[in-house]
Amino acid sequence: MDPVERKTPTKAIEDDSEFASALDDDEPTTEELIEMLRESLEDVKAGRTRPAREVMRELREMLAADADYSRDR
């Protein structure tokens, strides 16, 4: 086997890892997640929350919109 052919799979793996890391860039870090949780707990303690029914209705609407979008494709 030609040495160039042996290096090709390695290059493909490197390209895949670069692609995967690019996808992960928009994900929050552990520190950011912890800070978001702290802020959420402070909001709950201060009473700055929405009723569960309102949140569930919003989620159902979002899911229905996604389902409609999927059927149209």
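Values in this document were obtained by computation on a predicted structure and should not be read as measured data. (Residues numbered from 1 in each chain as written. Predicted model: local features only at pLDDT ≥ 70, side-chain atom pairs only at ≥ 80, totals over all residues. Heavy atoms only, no water.)

Q: Explain a nonpolar patch on the surface to me, and be specific about the residues and the numbers.
A: Where nonpolar side chains cluster on the molecular surface, the patch consists of M56, L59 and M62 and spans about 280 Å² of accessible area. Looking at where M62 falls in the secondary structure, it is placed in helix α3 (residues 52-72). (Patch = residues over 30% accessible without salt bridge, like charges linked within 9 Å, V, L, I, M, F, W, Y side chains within 5 Å. Areas by Shrake-Rupley, 256 points an atom, 1.4 Å probe, with all protein chains shown as cover. Salt bridge = Lys/Arg side-chain N within 4 Å of Asp/Glu carboxyl O. Helix = DSSP H or I, 4+ residues; strand = E, 2+ residues; numbered from the N terminus.)

Q: Talk me through the pattern of salt bridges; I want residue IDs and the actual numbers.
A: What the rule picks out here adds up to five salt bridges. For the salt bridge of E35 with R38, the shortest nitrogen-to-oxygen distance reads 3.9 Å. Of this pair, E35 and R38 both sit in helix α2 (residues 30-46), three residues apart, which is roughly one turn of the helix. Judged by relative accessible area, which is 36%, E35 ranks as partly exposed. Note that E58 and R50 form a salt bridge whose closest N and O atoms lie 2.9 Å from each other. The class for E58 is partly exposed, based on a relative accessible area of 33%. Note on R50: relative accessible area 43%, which makes it partly exposed. Residues joined in a network through salt bridges with shared partners are R50, E54 and E58. (Buried < 20%, exposed > 50% of the residue type's maximum accessible area, 1.4 Å probe, protein only.)

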